[in-house]
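Each chain is listed here by its residues.
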Amino acid sequence: RIMRPDDANIAGNVHGGTILKMIEEAGAIISTRHCNSQAGEPCVAALARVERTDFLSPMCIGEVANVSAEITYTSRHSVEVQVNVMSENILTGAKKVTNKATLWYVPLSLKNVNKVVEVPPIQYARQEQEDEGKKRYEEQKLDRLETKQRNGDVILPVINPEPHTVGYSQSSLIHLVGPSDCTLLGFVHGGVTMKLMDEVAGIVAARHCKTNIVTASVDAINFHEKIKKGCVITVSGRMTFTSNKSMEIEVFVDADPFVDEPRERYRAVSAFFTYVSLSKEGKPLPVPQLLTETEDEKRRFEEGKGRYLQTKAKRQAQMQQAAQ
Amino acid sequence: RIMRPDDANIAGNVHGGTILKMIEEAGAIISTRHCNSQAGEPCVAALARVERTDFLSPMCIGEVANVSAEITYTSRHSVEVQVNVMSENILTGAKKVTNKATLWYVPLSLKNVNKVVEVPPIQYARQEQEDEGKKRYEEQKLDRLETKQRNGDVILPVINPEPHTVGYSQSSLIHLVGPSDCTLLGFVHGGVTMKLMDEVAGIVAARHCKTNIVTASVDAINFHEKIKKGCVITVSGRMTFTSNKSMEIEVFVDADPFVDEPRERYRAVSAFFTYVSLSKEGKPLPVPQLLTETEDEKRRFEEGKGRYLQTKAKRQAQMQQAAQ
Amino acid sequence: RIMRPDDANIAGNVHGGTILKMIEEAGAIISTRHCNSQAGEPCVAALARVERTDFLSPMCIGEVANVSAEITYTSRHSVEVQVNVMSENILTGAKKVTNKATLWYVPLSLKNVNKVVEVPPIQYARQEQEDEGKKRYEEQKLDRLETKQRNGDVILPVINPEPHTVGYSQSSLIHLVGPSDCTLLGFVHGGVTMKLMDEVAGIVAARHCKTNIVTASVDAINFHEKIKKGCVITVSGRMTFTSNKSMEIEVFVDADPFVDEPRERYRAVSAFFTYVSLSKEGKPLPVPQLLTETEDEKRRFEEGKGRYLQTKAKRQAQMQQAAQ
């Protein structure tokens, strides 16, 4: 579809959140279709996890986004989908890969939302493909368990913060979940949640560096808990780490099922977003260093640095491999 | 209502699809109101057909669209509505007719969506009006039968197409039908479908000629089948014909009721859109000729030429009549 | 236009904010048209103030909103517009007055946004009408000066609040101002701001009483400062007063012009919203009493009580007048 002014920031760059939402919609369609392809219980695929994704080149207003999706692995109860997004300038014909994403879906029964139905197996061209898929499946399973632990954390407000401290840029928004945000089962689309997360992370980044910012990458996101229609969700973001030219922002999503439900507020999702600051010519700008004050902030900064160095090392290894 | 940036292309011209959506909403309101005006079964008017409509002058961001609708004929089971759209520049006060459209609606029972209820007759000022309406009614009935046959056709992807061939510009998008797209009966508003069709047709046209394009006219559109909430719809477009200054694009809408339904994918709507290419000053530009390769493409080109010449002849006849 | 699921809460009642947005759009159109009706500088009408408005009966999904607007007074630099909203059930034909609102607009030059242009005078049928309009004009001018003083106040966050205290329900959201939120001059439509204010106030009310809530009335709203495209706005709400069956919520809008602007965050709007809690049958429910803790909260509660009793007395006086 054509990118519209509302999909983009004032510099004309399409929000990462808009792209994540399109990716998720494509993934939900292909996996729901697959899971209903055999006689059996009708079901709807729910997003369980998005693997780390890099935004390779910015998309602009007026360009056409081409989204293609393919199922690459199925376990008994989950589907792995690979989605590719290309931006096409229909005036010049130029095409660029915007990003590639890997998503995991779980099919939930249309009649009983708490029941996970079985996934029809796919055929692999080679045994190798199945083995590699299985390895990815085991890895993401482990990682999901790990992030579940980290979830108690909350973002506390700060009065009169100093510039470039964590408290200075931290932000949160609330959103009342409406019908258009939801699947047939009455739960929020994963893509809607990711769009809100990107919105908050982008505001945190812009408050910190006061320039035009764009999403560079999103770390793996795990969707621990479904969010129901009518909930109020609070999306909060705080900066955790800055390198010379990038900012890492941690985002939490909490759901408040406050009407007709005896349940307490709960943590539904959390993730790390990385942003860069761009000049008017689209060149990366230096980023003011994040000032950490408390012990927790210093620890989170070091953890963020760890993730940053790990990603950098991985990318260099890939480039060396590609060069050989 | 005031036209916003999201309603328009990057040159500031409001999308034909946005206008078609407003027209359809006005038609649905007036015909639903009429069909419920007598004691009887509550019902909702569903769009069955839109007659050919020409876009007489472009509308721009910031202008106000004035939409007025009037019932011009009723048969036992259908309502003909005439809708006029005027654009008003509230700064200068200038008003222009943007387009006039004729729509046919069929009232479906609120309790049983497969039952068509009876339409209360309207009063005609003169017998002549009723006779002319009846003639239009018979004509559109015939035409609807005809297009039903043509519906088996599909659009196949082409690898590495040459510039200006059919495969070069053909495009498709998928859309998951959400609650806001639907009427009280849970079926997609005809206007929502037409907006998506115009979006795809516009992308096909822009890919072909790489300039700013606007909708010039839409051929009669027949809505053969309803599309239900939760369906995935695939909207595909391919170019069929080019004259010196216009392009004709055929658009198909296929619905995939992939959850909870034993039904196969089916063709819901098809139509022809005509686009022109505009310079920055708003003047029509020459259009590159469409290169046809297969027998089918050549046949469709000839059929498109037939429609083009017929429309041209009709318009000249009208102008001569007006001049006399 | 037809009310959609996205315009309403889960009980099917259209949000007060959606109605306020439609009212403001109608007012902006009629006053911009009037101010450009004489040769002179092209201008766009900007919302300066909305008088207190009561929501007389709820509107539901599927109903059609009929909005009509009329200019009732002009001063040298401002226009008073009266807007009426009727809900129409097109299945039964039943029509009900939803609310009536009075809005004040100021025409700003299209070339120089800081210049207020002159308003062409309207003709009055009787001298009386002009005199009454002038009285209303003087009154609102006074009131606008008053609220400007109260504007320093900020909402401080509370950790682990007790149920039914002010801190328990207070909420805030942030919103990045996009192109579709703005007028031709690049400033946020007053209606967009009011819709966000109603959204926050509704969440505060629902958090307090955990039931289905609807907007009952909105006190006069003054728009002190324009908000520019690209700003981040923070909309915060806190409960100030509860009667047996109603809740009063104070809402602040702060704008943060954080890109490309040397300016500090500023208070753009503030207002009081009143909500009632409804049972599933649409009957008013008792509201838990607000627990006030600090001196400021107690003072605000007393002020809210004053406004509540004043409104009640005014309404009784009107009913007695009507009965005579």
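Owing to the predicted nature of the structure, the values given are computational and were not obtained by experimental measurement. (Residues numbered from 1 in each chain as written. Chains lettered and ligands numbered in written order. Predicted model: local features only at pLDDT ≥ 70, side-chain atom pairs only at ≥ 80, totals over all residues. Heavy atoms only, no water.)

Caption draft 1: The arrangement of the overall build of chain A in detail. Assigned secondary structure in chain A consists of 5 helices and 11 strands. For 324 residues, the compact-globule estimate of 2.2 N^0.38 gives 20 Å, and the C-alpha radius of gyration of chain A, at 20 Å, lies within 12% of that figure. Classification of the 324 residues of chain A by burial places 54% in the buried group. Sequence separation of at least 24 residues holds for 72% of the intrachain contacts in chain A that already meet a minimum separation of 6. In the structure as shown, chain A presents an accessible area of about 15,100 Å², 50% of it carried by carbon and sulfur atoms. (Helix = DSSP H or I, 4+ residues; strand = E, 2+ residues; numbered from the N terminus. Rg over C-alpha atoms; globule rule 2.2 N^0.38 Å. Buried < 20%, exposed > 50% of the residue type's maximum accessible area, 1.4 Å probe, protein only. Contact = heavy atoms within 4.5 Å. Areas by Shrake-Rupley, 256 points an atom, 1.4 Å probe, with all protein chains shown as cover.)

Caption draft 2: Layout of the relation of the copies chain A and chain C. Superposition of chain A onto chain C requires a rotation of 180° combined with a translation of 0.1 Å along the rotation axis, giving an RMSD of 0.1 Å. The transformation just described matches what one would write down for a two-fold rotation axis. Across chain A, the smallest distance between a C-alpha and the rotation axis is recorded for Leu173 of chain A, namely 2.1 Å. Residue by residue, 100% of the interface of chain A is reproduced at the interface of chain C, so both copies engage with the same surface. (Least-squares fit on C-alpha atoms with pLDDT ≥ 70 in both.)

Caption draft 3: Fine view of the interface of chain C and chain B. If you look at the interface, chain C gives 25 residues, while chain B gives 25 residues. Contact between chain C and chain B buries roughly 2,100 Å² in total, counting both sides, with carbon and sulfur atoms accounting for 63%. It is Ile90, Leu91 and Ser180 of chain C in chain C that bury the most area against chain B; as a group they hold 27% of the surface buried on that side. Arg33 of chain B is the partner of Glu88 of chain C in a salt bridge, and the nearest nitrogen-oxygen pair spans 2.5 Å. Seen at the junction of chain C and chain B, the total is 4 residue pairs in polar contact (both at pLDDT 80 or more). Counting residues per element, the ones that place at least two in the side of chain C that touches chain B are α1 (16–35), β1 (43–50) and β3 (64–74) of chain C. (Buried area = accessible area lost by both parts, 1.4 Å probe. Salt bridge = Lys/Arg side-chain N within 4 Å of Asp/Glu carboxyl O. Polar contact = N/O pair within 3.5 Å; in protein donor to acceptor, adjacent residues only side chain to side chain.)

Caption draft 4: View of the interface of chain A and chain C. At the interface, 31 residues of chain A touch 32 residues of chain C. Carbon and sulfur atoms supply 67% of the area buried between chain A and chain C, which totals about 2,600 Å² over both sides. On inspection of chain A and its partner chain C, the count reaches 2 salt bridges. Note that Asp256 of chain C and Arg207 of chain A form a salt bridge whose closest N and O atoms lie 3.5 Å from each other. At the boundary of chain A with chain C, the tally comes to 2 residue pairs in polar contact (both at pLDDT 80 or more). For the side of chain A that touches chain C, the elements supplying multiple residues, two or more each, are β6 (171–176), α4 (190–209) and β9 (232–242) of chain A. Top contributing element to the side of chain A that touches chain C by residue count: β6 of chain A, with 6 residues. Split by residue class, the side of chain A that touches chain C holds 14 nonpolar, 8 polar and 9 charged. (Nonpolar A, V, L, I, M, F, W, Y, C, P; charged D, E, K, R; others polar.)

Caption draft 5: Spotlight on the relation of the copies chain C and chain B. Its rotation angle being 180°, the transformation that places chain C on chain B also includes 0.0 Å of axial translation and leaves an RMSD of 0.1 Å. In this assembly the copies share their binding face: 100% of the residues contributing to the interface of chain C also contribute to that of chain B.

Caption draft 6: Fine view of the packing of α1 of chain C against helix α4 (residues 190–209) of chain C. All names here are of chain C. Interaxial distance between α1 and α4 falls to 8 Å at its minimum, and their mutual angle equals 170°. Classified by the angle their axes make, α1 and α4 are roughly antiparallel. Here Gly16, Gly17, Thr18, Leu20, Lys21 and Glu24 of α1 lie close against α4, whose contacting residues are Gly190, Gly191, Val192, Met194, Lys195 and Asp198. Looking at the contact of α1 with α4 residue by residue, the classes come out as 3 nonpolar, 5 polar and 4 charged. (Axes fitted to C-alpha atoms, helices over the stretch in contact; angles between N-to-C directions. Parallel < 35°, antiparallel > 145°, perpendicular 65-115°, else oblique.)

Caption draft 7: Broad picture of the UniProt feature "active site" (unreviewed entry) in chain A. Residues and elements named next belong to chain A. Following the UniProt record, one finds the feature "active site" (unreviewed entry) at Asn9 and Asp198. Spatially, the listed residues are clustered: although they cover 190 residues, their C-alpha atoms lie within 12.1 Å of one another. Here Asn9 lies in the segment before α1 (16–35). Sequence-distant contacts of Asn9, that is, excluding residues within four places in its chain, are made with His15, Asn212, Ile213 and Val214. Tracing the backbone through its elements, the reader meets Asp198 in helix α4. When sequence neighbours within four positions are dropped, the list of residues in contact with Asp198 reads His15, Gly16, Gly17, Thr215, Phe273 and Tyr275. (UniProt positions renumbered as here; feature names shortened; annotations may be inferred.)

Caption draft 8: Highlighting α4 of chain C. Helix length check: α4 of chain C (20 residues) gives 29 Å between terminal C-alpha atoms against 28 Å at 1.5 Å per residue, within 8%. Within α4 of chain C, 18 of the 20 residues are buried, which leaves the element mostly enclosed by the surrounding structure. (Expected span 1.5 Å × (residues − 1).)

Caption draft 9: Structural context of a nonpolar patch on the surface. A contiguous nonpolar surface patch, about 280 Å² in accessible area, is contributed by Val154 and Leu156 of chain A together with Ile159 of chain C. Looking at the secondary structure, you find Leu156 of chain A in the loop between α2 (127–149) and α3 (166–169). A relative accessible area of 47% means that Leu156 of chain A is categorised as partly exposed. (Patch = residues over 30% accessible without salt bridge, like charges linked within 9 Å, V, L, I, M, F, W, Y side chains within 5 Å.)

Caption draft 10: Representation of the pattern of salt bridges within the structure. Residues and elements named next belong to chain C. A full pass over the atoms with the stated rule returns 50 salt bridges over all chains. Here Arg52 and Asp219 are joined by a salt bridge, their closest N and O atoms 3.0 Å apart. Of the two residues, Arg52 sits in the loop between β1 and β2 (53–54) while Asp219 sits in the loop between β7 (212–218) and β8 (221–223), which places them 167 residues apart along the sequence. In this structure Arg52 comes out as partly exposed when scored by relative accessible area, which is 30%. Judged by its relative accessible area of 23%, Asp219 is partly exposed.

Caption draft 11: Layout of the packing of aromatic side chains. Enumeration over the complete set of coordinates arrives at 18 aromatic pairs over all chains. Both rings, one in Tyr73 of chain C and one in Tyr124 of chain C, keep their centres 6.2 Å apart while their planes meet at 35°; by these two values the pair is tilted. Separated by 51 residues along the polypeptide, Tyr73 of chain C in strand β3 and Tyr124 of chain C in the loop between β5 (95–109) and α2 (127–149) bring together distant segments of the chain. Just as Tyr73 of chain C is buried, Tyr124 of chain C falls in that class too. Grouped by ring-pair contacts, the aromatic residues Tyr73, Trp104, Tyr124 and Tyr137 of chain A constitute a single cluster. The ring of Phe272 of chain B has Arg307 of chain B lying over it, and the distance from NZ or CZ to the ring centre is 3.7 Å. It is Lys226 of chain C that lies over the ring of Phe187 of chain C; its NZ or CZ is 5.5 Å from the centre. (Phe/Tyr/Trp six-rings, centres within 6.5 Å; stacked < 30°, edge-to-face > 60°. Lys NZ or Arg CZ within 6 Å of the ring centre and 35° of its normal.)

Caption draft 12: Broad picture of the confidence of the model for chain A. All names here are of chain A. Residue-level pLDDT values for chain A average 88, and 97% of them are 70 or greater. Across chain A, element-level confidence peaks in strand β4 (residues 79–88) with a mean pLDDT of 94 and bottoms out in β6 with 85. Both scores are available for the predicted complex, with the pTM at 0.81 and the ipTM at 0.73. (pLDDT = per-residue confidence, 0-100.)

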